[in-house]
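# Residue-level structural notes
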Amino acid sequence: QVQLVESGGGLVQAGGSLSLSCTASRSLISINSMGWYRQAPGKQRELVASITSRGSKNYADCVKGRLTIFRDNSQNTVYLQMNRLTSDDTAVYYCNVQTFQSFGNFDYWGQGTQVTVSS
């Protein structure tokens, strides 16, 4: 089975930056979108940013202007550049890839990486 491996999480001071990456163990086909979600304790998982196979990007309002999503040309890796981080950004971040299958859409998920912003 395809696995999504995340890296780049850690501890950073408020106002600092982090870069997350997510790489598929093998090439994926029929990709609809790639993106990043996050979940803090006691809160629901929320969409942070996504990018479609055609390059259209979508961001949560609270991260616009601070976080940027991009991918490599092969679509094997998706990145999240995070700048001017605040304590509200503290969460576990999950990589997501949505694909088209014969039975319908199917989502792949990364293992999650912890981002902690100190103040």
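In the block above lies the structure referred to throughout.
Our subject in this report is the structure included herewith. Quantities reported herein were computed from a predicted structural model and do not represent experimental measurements.

### With respect to the nonpolar core
- Counting 31 residues, the largest nonpolar core has Trp36, Leu80, Met82 and Tyr93 as the members making the most contacts within it.
- At the level of elements, strand S3 (18-24), strand S4 (31-39), strand S5 (46-52), strand S7 (67-71), strand S8 (77-82), strand S9 (91-101) and strand S11 (113-118) are the ones that each hand at least two residues to this core.
- Discounting chain neighbours no more than four positions away, the residues touching Tyr93 are Glu6, Leu20, Trp36, Tyr37, Arg38, Val48, Leu80, Met82, Gly112, Thr113 and Val115.

### What about the sheet that holds S8?
- Within the open sheet, the 4 strands sit side by side as S1-S3-S8-S7. Their pairing is antiparallel. Here the strands that pair on one side only, and so sit at the sheet edges, are strand S1 (4-7) and S7. Each adjacent strand pair in this sheet contributes to an overall mean axis angle of 15°, direction not counted.
- As defined by bridge partners, S1 adjoins S3 across 4 bridges and the pair is classed as antiparallel. Within S3, the residue paired with Leu4 across the bridge is Ala24.

The rules behind these values
Residues numbered from 1 in each chain as written. Predicted model: local features only at pLDDT ≥ 70, side-chain atom pairs only at ≥ 80, totals over all residues. Heavy atoms only, no water. Core = buried A, V, L, I, M, F, W, Y, C linked by side-chain atoms within 4.5 Å. Buried < 20%, exposed > 50% of the residue type's maximum accessible area, 1.4 Å probe, protein only. Helix = DSSP H or I, 4+ residues; strand = E, 2+ residues; numbered from the N terminus. Contact = heavy atoms within 4.5 Å. Pairing = 2+ DSSP bridges. Axes fitted to C-alpha atoms, helices over the stretch in contact; angles between N-to-C directions.

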